[in-house]
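Residue-level listing of the chains:
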Amino acid sequence: MSASKHTQLPASLVEVAVAGRSNVGKSSLLNALANRKGLAKTSKTPGATRLLNVFELQPEGSGKWLVDLPGYGYAKAPKHEQKRWAQMIEDYLIERETLELVLVLVDGEVGPTALDKQSIEWFRHIGIPIKIVATKHDKVKSAKLGSRKKAVAEGCGVEKKDVRWVSAAKGVGIPELRAEIHTFLEYE
Ligand SMILES: Nc1nc2c(ncn2[C@@H]2O[C@H](COP(=O)(O)OP(=O)(O)O)[C@@H](O)[C@H]2O)c(=O)[nH]1
Ligand SMILES: [Mg+2]
């Protein structure tokens, strides 16, 4: 289901949200995790997801949700819309009581940007548990992978082992991340 405000959502048991810049690969990752191509809408046009899009783990009514958040920092959108999205995401992140973990996606091809670092700092400040996920593993040349892995970990202020590298396109890291999410949701 989708909502333009978290207050429109029904109660859940536990939620894991997927956050990151526009075009980082949030929707593609959700589809890869669910093993369903068209579940979350992906787009070549950044800024396509403007709603909180909620997916429930089976069985129906489990109350265990994955939430696809609108991407932050979509510069081409009108300023007032950017502000509105940012406020909606912030309200959700701060006020949603059943939100237990945020997967913070960083584009592995690009490396952590200033906006990524700013967002991570904000999550830490608010005290929301995060897990760094580096996307588009398949787009990083193997000669660069070592230095990029170091750069992502350092830029995000975590150990290299604490970054989950994934490729939604090639399936790299997807079973591992899926298992981590399941474990997390089971123990909540
Ligand atoms: N090569 C490659 N492209 C990806 C991957 N994940 C996402 N993309 C592409 O990146 C673009 C943005 O993806 P999307 O999932 O819509 O990003 P979102 O805006 O964060 O939801 C699309 O063109 C995707 O096909 C990946 O693992 N590998
Ligand atoms: Mg999306």
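Described below are features of the structure shown in this document. Chains are numbered independently. Their residues run from 1 in the order of the written sequence. Chain letters start at A and ligand numbers start at 1, both assigned in the order the entries are written. Only residues with pLDDT of 70 or above have their local features reported here, since the model is predicted, and side-chain atom pairs are shown and tallied only from 80 upward, although totals for entire chains, interfaces and linings are computed over all residues.

1. Overview of the pairing of strand S6 (residues 130-135)
Regular strands show a simple pattern: their side chains alternate between the two faces of the sheet.
Here is step 1: Of the pairings in the sheet, the one linking strand S5 (residues 99-107) to S6 comprises six bridges and is parallel in character. Bridge pairing in S6 links Leu105 to Val133.
Here is step 2: Taking the sense of rotation as the criterion, the β-α-β connection linking S5, helix H3 (residues 114-126) and S6 turns out right-handed.
Here is step 3: In this sheet, strand S7 (residues 163-165) lies alongside S6 in parallel orientation, the contact comprising three bridges. Each residue of the ladder has a partner; that of Val133, found in S7, is Arg164. Note on pairing: DSSP must find at least two bridges between two strands before they are called paired. Helix numbering and strand numbering both begin at the N terminus, where a helix is a DSSP run of H or I of at least 4 residues and a strand a DSSP run of E of at least 2. Think of it like this: strands point away, you trace from the first strand over the helix to the second, and a clockwise trace means the crossover is right-handed.

2. Digging into the site of ligand 1
Here is step 1: Should the C-beta atom of a residue, placed from the backbone, lie within 6 Å of a molecule or strand, that residue is near it. Near ligand 1 there are 21 residues, and of these Gly25, Lys26, Ser27, Ser28 and Ala169 occur at the shortest range.
Here is step 2: No other element matches the three residues that helix H1 (residues 26-34) contributes to the shell around ligand 1.

3. A short note on the environment of Arg21
Here is step 1: Within the element layout of this structure, Arg21 appears in the loop between strand S2 (14-20) and H1.
Here is step 2: Since 21 C-beta atoms lie within 10 Å of it, Arg21 is described here as buried.
Here is step 3: For the pair Arg21 and Val104, spaced 83 residues apart in sequence, the C-alpha to C-alpha distance is 9.1 Å. Partly exposed residues are those whose C-beta has more than 12 but fewer than 20 other C-beta atoms within 10 Å; 20 or more makes a residue buried and 12 or fewer makes it exposed, with C-beta atoms placed from the backbone.

4. Concerning the environment of Asp138
Here is step 1: Position of Asp138 relative to the elements: it lies in the loop between S6 and helix H4 (142-156).
Here is step 2: Given 14 C-beta atoms within a 10 Å radius, Asp138 is considered partly exposed.
Here is step 3: A sequence separation of 30 residues divides Asp138 from Ala168, and the C-alpha atoms of the two residues are 8.7 Å apart.
Here is step 4: In this structure Asp138 touches Ser167, Ala169, Lys170 and Val172, once residues within four positions along its chain are discounted. By the convention adopted here, residues make contact when the C-beta atoms placed from their backbones lie within 7 Å.

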